[in-house]
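Given next are the chains, with one letter for each unit.
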Amino acid sequence: MSGTVIPGTPIAVDFWSVRRAGGARLFFLSHMHSDHTVGLSSTWSRPLYCSPLTARLLHRRLQVGAPRRPGRLGPARPVLTARPPQVPTRWIRPLEVGQSHALGDEVTVTLLDSNHCPGSVMFLFEGAFGTILYTGDFRYTSAMQGEPALRDRHIDRLYLDNTHCHPQRPLPSRQHATRQAAHVIRAHPRHQVVIGVYSLGKETLLVDLAVEFSTWVVVSPWRLEQMRLLELPDVFTDEEGAGWIRAVDITEIRWDTLVSWNMLHPTIAILPTGRPVKVTHPNIHPIPYSDHSSFSELCEFVKWLKPCSVIPIVRGGTCQAYFQKYLSSDPQVLPDLKIPKPVQESVQQQSKRKGQEPLCLLKRATWHSVPRGVVYESPEKYTEESEASTGVKAPQQNYCESAFCSNKGCAYHSGKGKGKEELSGEQPGVAAQAASTVSQALASDEHFPTGFAEQYLLTPLSVLKQNSSQKFDKLVEDFFRRGEVL
């Protein structure tokens, strides 16, 4: 799946697993190719942002369902590809291309034509996380340098389509590849021509060849409806035999179908793709026609854009080294990966709702940090019984008002006076032993590098019970106030 959850942001692009999306709340669809819609289904229940044309294609998929293709010699059968997305229409949110759209207070997004297939777009995101350009699948052209949204723009992170990021795999322009296809067709004047395409894409190639050879391009009824939805030139028909160029699903271009077609009429197949393919029949002709950027085009794009960092979209790619010399030396806005922004907002909203300051949240968290377990008797009853059975009262009077007093002159902290001597001596009884242990541990504030938590947890219940909740809250405030001064 070609999808990404962008770290440090609430953004996910072409990523439709909510369970694995973390804190993502804004979901974007770059285009309608099946590898970018894996996970979209009738259970999807969040806003989905895309271009208006992609939105129309989504609506059409909901109405028509899966495309069907002709069998070898038999009736139509379903396409054996990923199931088309069945997204409820109420969640589809089209955004105009070329305009900036504010999505709440966090993100501003601008959609830009990616020159990949009908409806495909790049996303320019802006927010506290910096400026991010997500190309999705795209074919770079020099005309993109005239895009106002990208001109003289500081880009912190560039998510780059690295499909053909290989110096050893050059690709011609699509215009040059179209001329190659026309040359192959002219070399077989008595043959019918079958061109393998995906359910979306390569429409420009079909139109150019239809105009070049003045013939109809025969397509399935399902594809014809889509061509009309895309408002393409009127060169397509679903009438068999009306033209000698046919467009079929790319999976139909294989050895057995070529054998079947040539039994009826001499036929050649053109396979427009930028990827290396294995030819299984002598009448199959691969043409390096690609809707992805070539390596030289990627270098030109990154050199012009000068982003602070490049992140490959296709997993497993290592294209960063090729673009290191083109990166900007300007400081980059890095994502805050420690505390997600949605969590910070929820805390602030909760504080506003309850009219509390952040310190109150800390007080409540500290109050609830008391060790919990099985309590068989109340602390008060336990203290009273201990005092009655041992005949020795816990030396509470030797403590100052608070067990956490910062006054170094008091008898407890300085170790001077009768209280200190009584606590450090041998005393019978459970309460006295507990007091002696705590006295040795709490000799001074220097023994508590982590501060308040240790003091609170190591203080006997016989001391804590003297303090009401109001006094305890005051102790917390005093402790944090002392920390700020230090």
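Conventions used here
- Residues numbered from 1 in each chain as written.
- Predicted model: local features only at pLDDT ≥ 70, side-chain atom pairs only at ≥ 80, totals over all residues.
- Heavy atoms only, no water.
- Salt bridge = Lys/Arg side-chain N within 4 Å of Asp/Glu carboxyl O.
- Helix = DSSP H or I, 4+ residues; strand = E, 2+ residues; numbered from the N terminus.
- Buried < 20%, exposed > 50% of the residue type's maximum accessible area, 1.4 Å probe, protein only.
- Expected span 1.5 Å × (residues − 1).
- Arc of directions from axis to C-beta.
- Contact = heavy atoms within 4.5 Å.
- Pairing = 2+ DSSP bridges.
- Axes fitted to C-alpha atoms, helices over the stretch in contact; angles between N-to-C directions.
- Parallel < 35°, antiparallel > 145°, perpendicular 65-115°, else oblique.
- Left-handed = near helix turned anticlockwise from the far one by under 90°.
- Nonpolar A, V, L, I, M, F, W, Y, C, P; charged D, E, K, R; others polar.
- Polar contact = N/O pair within 3.5 Å; in protein donor to acceptor, adjacent residues only side chain to side chain.
- Core = buried A, V, L, I, M, F, W, Y, C linked by side-chain atoms within 4.5 Å.
- Phe/Tyr/Trp six-rings, centres within 6.5 Å; stacked < 30°, edge-to-face > 60°.
- Lys NZ or Arg CZ within 6 Å of the ring centre and 35° of its normal.

A. Seen up close, the pattern of salt bridges. What the rule picks out here adds up to 9 salt bridges. Among the salt bridges present, the one from Arg 153 reaches Glu 126, with a minimum N-O distance of 2.7 Å. Linking Arg 153 in the loop between strand S11 (130–134) and strand S12 (157–160) with Glu 126 in strand S10 (residues 121–127), this pair joins segments that are 27 residues apart in sequence. A salt bridge links Asp 291 to Arg 174; the shortest N-O distance between them is 2.7 Å. Separated by 117 residues along the polypeptide, Asp 291 in the loop between strand S18 (284–287) and helix H6 (295–305) and Arg 174 in helix H2 (residues 174–186) bring together distant segments of the chain. Taking the relative accessible area as the measure of exposure, Arg 174 reaches 15% and is therefore buried. A single salt-bridge network, built from bridges that share partners, covers Arg 174, Lys 202 and Asp 291.

B. Highlighting H2. Here H2 contains 13 residues, and its C-alpha end-to-end distance of 18 Å stays within 8% of the 18 Å for a straight helix at 1.5 Å per residue. Listed in full, the buried residues belonging to H2 are Arg 174, Ala 177, Thr 178, Ala 181, Ala 182, Val 184 and Ile 185. Seen along its axis, H2 keeps its buried residues to an arc of 160°; they face one direction. Every exposed residue of H2 that faces more than 90 degrees away from the buried side is listed here: Gln 175, Arg 179 and His 183. For H2, the elements touching its buried residues are strand S13 (192–197), helix H3 (203–213), strand S17 (267–272) and S18.

C. Local environment of the pairing of S13. Summarising burial for S13: 5 of the 6 residues are buried, a large majority. In this structure, S13 lies alongside S17, joined through 4 bridges in parallel fashion. The partner of Gln 192 across the bridge, within S17, is Thr 267. In terms of strand pairing, S13 meets strand S16 (residues 245–249) through 5 bridges, oriented parallel. Each bridged residue has a counterpart across the sheet, and for Gly 196 the counterpart in S16 is Val 248.

D. Summary view of the packing of H2 against H3. Two numbers describe how H2 lies on H3: the axes approach to 10 Å, and their chain directions differ by 45°. Considering the angle they form, H2 stands oblique to H3. Handedness of the H2/H3 crossing: right-handed. Together, Thr 178, Ala 181, Ala 182, Ile 185 and Arg 186 of H2 and Leu 205, Asp 208, Leu 209, Glu 212 and Phe 213 of H3 make up the contact between the two elements. The class makeup of the residues in the contact of H2 with H3 is 6 nonpolar, 1 polar and 3 charged.

E. Examining H3 more closely. Inspection of H3 places Glu 203, Leu 205, Leu 206, Val 207, Leu 209, Ala 210 and Phe 213 among the buried residues, and these make up the whole buried set. Phi turns positive one or two residues past the end of H3, at Ser 214, with a value near 50°.

F. Layout of the side chain of His 164. Along the chain, His 164 falls in the loop between S12 and H2. Polar contacts involving the side chain of His 164 include one to the side chain of Ser 290, which spans 3.1 Å. Those residues in contact with His 164 that lie beyond four places of it in its chain are Arg 169, Leu 171, Gly 274, Arg 275, Ser 290, His 292, Ser 293, Ser 294, Phe 295 and Leu 298.

G. Here's a closer look at the environment of Ala 21. Topologically, Ala 21 is positioned in the loop between strand S2 (11–13) and strand S3 (26–28). As a C-alpha pair, Ala 21 and Ile 6 span 15 residues in sequence and 9.5 Å in three-dimensional space. Sequence-distant contacts of Ala 21, defined by excluding residues within four places in its chain, comprise Val 5, Phe 15 and Phe 27.

H. Quick peek at the nonpolar core. Among the nonpolar cores identified, the biggest contains 26 residues, and Val 193, Ile 195, Leu 209, Val 217, Phe 236, Ile 270 and Ile 287 are the most heavily contacted of them. For Val 217, the contacting residues outside a window of four places in its chain are Leu 206, Ala 210, Val 235, Phe 236, Thr 237, Ile 245 and Ala 247.

I. Layout of the packing of aromatic side chains. Tallied over the entire structure, the rule returns 13 aromatic pairs. An aromatic cluster of three or more residues is present, and its members are Phe 28, Tyr 49, Phe 123 and Phe 125. The cationic tip of Arg 60 hangs over the ring face of Trp 222; the distance from NZ or CZ to the ring centre is 4.5 Å. Between Arg 246 and the ring centre of Trp 261, over which it is positioned, the NZ or CZ distance is 5.3 Å.

J. Here's a closer look at the side chain of Arg 139. Looking at the element boundaries, Arg 139 is found in the loop between S11 and S12. Assessed through its relative accessible area of 3%, Arg 139 is described here as buried. A polar atom in the side chain of Arg 139 sits 3.3 Å from the backbone oxygen of His 292. Apart from residues lying up to four places away in sequence, Arg 139 is in contact with Ser 114, Asn 115, Met 144, Pro 172, Ser 173, Arg 174, Ser 290, Asp 291, His 292, Ser 293, Ser 294 and Glu 297.

K. Structural view of unusual backbone geometry. A positive phi angle, near 55°, is found at Asp 152, a position not held by glycine. Looking at the secondary structure, you find Asp 152 in the loop between S11 and S12. With phi around 70°, Lys 202 is a residue other than glycine that occupies positive phi space. In this structure, Lys 202 sits in the loop between S13 and H3.

L. Summary view of the sheet that holds S12. Strand order in this open sheet of 6 strands is S8-S9-S10-S11-S12-S19, and the pairing throughout is mixed. Looking along the sheet, the strands with just one partner apiece sit at the ends: strand S8 (100–103) and strand S19 (310–312). Averaged over neighbouring strand pairs, the angle between their axes works out to 20° when direction is ignored. Against the sheet, H6 engages S11, S12 and S19, with an angle of about 165° to S12.

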